[in-house]
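Chain residues, written in single-letter form:
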Amino acid sequence: MKKWILSVFVMVLAACMLLVGCKKNVGTPEDNAVEKEEADGTEEAEQQDTYTFGYSCIDMDNPYFETLQMSIKTTLDENDFQLITKNPGSDVNLQIEQIQEMIEQEVDAVFLCPVDWEKITPALEALRKADIPVINIDTQVKDTELVNAYIGSDNKKAGYLCGEDLIEQRPDGGKIVILECPSLNSINERITGFEEAIIDAGFEVLARADVGAQKDKAQSEMENILEQYSQIDAVMCGNDQAALGVLQAMKDAGRGGILVYGVDGSPGVKSELLKPGTCMAGTGAQSPINIGKKAVETGIAILEGNDYEKETYVDTFFINKNNVEMYGTDGWQ
């Protein structure tokens, strides 16, 4: 009888051990559907929080756009986001091709300053079709309904400040030259602001030329203008690069007594303002650093579905020889 009871006890104990072993196998991560779903969900969330932006501006050989790119990249790096930069070199057709490359690379959004504010439209339409947001920076596109937001300087004010200073320097008026770039709306606004400031102030426009916002073209055009006109009181340039080209042409021709104005507040022009006897009168300064930071803030807000400003205008101010030391010449403001 005792042997029979002992046998039954051994069989029950073996069965219990078998059940315990089976229960351990059921609890393995491979078979646990709930744990797997939670892990997948976390991984997906991490992927959604990683963004890649594209950057396409007029010409990376221009220090302004290089600084703007660095501001954007630095701010994106702080958030562990990526930036793909393309350099169209002032060629709108190349810019359109490079934007198509960004679309194929599946960027999440694009920071764009157009080489030509009208001819860039096909690229904007392609981005819209690919459902890629566009943060338009520095100079506006013609078809503003094709971009999600615009961040730039108060360009009209920058030009206006130059005109105001010219009136102070030449209260009796004079003969002036305007170097512009009709394909860039930012420069159009600067020239408009300048002309509004000097209207009815006794100034005559001797010549105006499209220099494409480029130093070499501005220098070449100014060389021709200096040969044609013996008296020139001032030159208004659409940007600082053009102003530097004008100064070089004047230096080569041995001409002085001409007030030169630009817009940007670049280190190169600020350095010129410190030189004794310089013809550089001043620059309507802007801040590519602040524009870059605001552009990133806006881009992230768009991608994450948060509120953002459709248009943002960063303030501009005038720098001349009297206040240039406040801003320094080693970098941008």
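Everything numeric in this text was worked out from a predicted model, so none of it was measured.

Each value, and the rule that gives it
- The numbering scheme is per chain: residues are counted from 1 as the chain's sequence reads.
- Since the coordinates come from a predicted model, pLDDT governs what is reported: local features require at least 70, and pairs of side-chain atoms require 80 or more to be given and counted, while whole-chain, interface and lining totals use all residues.
- Side-chain metrics rest on all non-hydrogen atoms present in the structure, leaving aside hydrogens and water.
- We call a set of buried Ala, Val, Leu, Ile, Met, Phe, Trp, Tyr and Cys residues a nonpolar core when their side-chain atoms join them within 4.5 Å.
- In this scheme, a residue with accessible area under 20% of its type's maximum is buried, one over 50% is exposed, and one in between is partly exposed, where area comes from a 1.4 Å probe on protein chains only.
- Each domain's limits were defined by an automated method or a database of domain assignments.
- The contact criterion used is simple: two residues touch if any of their non-hydrogen atoms lie within 4.5 Å.
- Starting at the N terminus, helices and strands are each numbered in turn, a helix being any DSSP run of H or I of at least four residues and a strand any DSSP run of E of at least two.
- Multiplying 1.5 Å by the helix residue count minus one yields the expected span of that helix.
- In short, DSSP must find at least two bridges between two strands for them to pair.
- Every axis in this analysis is a line fitted to C-alpha atoms, fitted for helices over the stretch in contact. Angles between the N-to-C directions lie between 0 and 180 degrees.
- Crossing handedness is defined as follows: a turn of the near helix away from the far one that is anticlockwise and smaller than a right angle gives a left-handed crossing, while the clockwise case is right-handed.
- The residue classification treats Ala, Val, Leu, Ile, Met, Phe, Trp, Tyr, Cys and Pro as nonpolar and Asp, Glu, Lys and Arg as charged. All others, Gly included, are polar.
- UniProt positions are given in the numbering used here, feature names are shortened, and annotations may be inferred rather than shown by experiment.
- Salt bridges are counted wherever a side-chain nitrogen of Lys or Arg sits within 4 Å of a carboxyl oxygen of Asp or Glu.
- For the purposes of these results, a polar contact is taken to be a pair of N or O atoms within 3.5 Å, where, inside protein, one atom must be able to donate a hydrogen and its partner to accept one; residues adjacent in sequence count only when each atom of the pair is a side-chain atom.
- Convention used here: a crossover is right-handed provided that the path from the first strand, over the helix, to the second strand proceeds clockwise when the strands point away from the viewer.

1. Considerations on the nonpolar core
Counting 65 residues, the largest nonpolar core has Phe53, Tyr55, Leu68, Ile72, Phe111, Ile137 and Leu166 as its most contacted members. Residues from two domains meet in this core; each of domain 1 (52-153 + 288-314) and domain 2 (155-287 + 321-326) gives at least three. Look past the residues within four positions of Leu68 in its chain and what remains in contact with it is Tyr55, Cys57, Ile137, Pro288, Ile291 and Gly292. The next biggest cluster of nonpolar side chains, apart from the first, holds 29 residues, and it includes Leu179, Ala207, Ile232 and Ala285.

2. Notes on helix H8 (residues 215-228)
With 14 residues, H8 extends 20 Å from end C-alpha to end C-alpha; this agrees with the ideal 20 Å at 1.5 Å per step. On its buried face, H8 is in contact with strand S6 (174-180), strand S7 (203-210), strand S8 (234-237) and helix H9 (240-253).

3. Some details on the sheet that holds strand S3 (residues 109-112)
Pairing between the strands of a sheet is mediated by backbone hydrogen bonds and can be parallel or antiparallel. Strands sit in the order S2-S1-S3-S4-S5-S11 across an open sheet of six strands; the sheet is parallel. Each edge of the sheet is formed by a strand with only one pairing partner; in this case those strands are strand S2 (82-86) and strand S11 (311-314). Pairwise comparison of adjacent strand axes, ignoring direction, gives a mean angle of 15 degrees for this sheet. Here four bridges tie strand S5 (residues 149-153) to S11, and the two strands are oriented parallel to one another. In the sheet register, Ser153 faces S11, and the bridge partner there is Val314.

4. Re the packing of helix H6 (residues 155-169) against helix H7 (residues 185-198)
Relative orientation of the contacting elements H6 and H7 amounts to 35 degrees, with a least axis distance of 6 Å. Here H6 runs over H7; the crossing is right-handed. Across the interface between the two elements, Asn155, Lys156, Gly159, Tyr160, Cys162, Gly163, Glu164, Leu166 and Ile167 from H6 touch Ser186, Glu189, Arg190, Thr192, Gly193, Phe194, Glu196, Ala197 and Ile198 from H7. Classifying every residue of the contact of H6 with H7 by side-chain character gives seven nonpolar, six polar and five charged.

5. Considering the UniProt feature "coiled-coil region" (unreviewed entry) in the protein chain
Mapped onto the present numbering, the UniProt feature "coiled-coil region" (unreviewed entry) falls at residues 208-235. Secondary structure across residues 208-235 comprises 50% helix and 18% strand; the distance between its end C-alpha atoms is 9 Å.

6. Looking at the pattern of salt bridges
In the structure shown here, the tally under the stated rule is nine salt bridges. With a shortest N-O distance of 3.0 Å, Glu180 and Arg208 are connected by a salt bridge. Taken together, the residues span a long stretch of sequence, with Glu180 in strand S6 and Arg208 in strand S7 at a distance of 28 residues. Using a relative accessible area of 17% as the deciding quantity, one classes Glu180 as buried. A salt bridge links Lys275 to Glu272, with the nearest nitrogen and oxygen atoms 2.9 Å apart. What makes Glu272 buried here is its relative accessible area of 17%. Through salt bridges with shared partners, a single network forms among Glu180, Glu195 and Arg208.

7. Topic: the side chain of Ser287
Assignment of secondary structure puts Ser287 in the loop between strand S10 (280-285) and helix H11 (288-303). Of the residues examined, Ser287 reaches a relative accessible area of 3% and is grouped as buried. Side-chain polar atoms of Ser287 contact the side chain of Asn290, separated by 3.2 Å.

8. Describing the pairing of S2
Strand direction decides the pairing type here: strand S1 (residues 52-56) and S2, joined by five bridges, are parallel. Bridge pairing in S2 places Phe53 opposite Leu83. With helix H3 (residues 63-78) bridging S1 and the parallel S2, this β-α-β connection has right-handed handedness.

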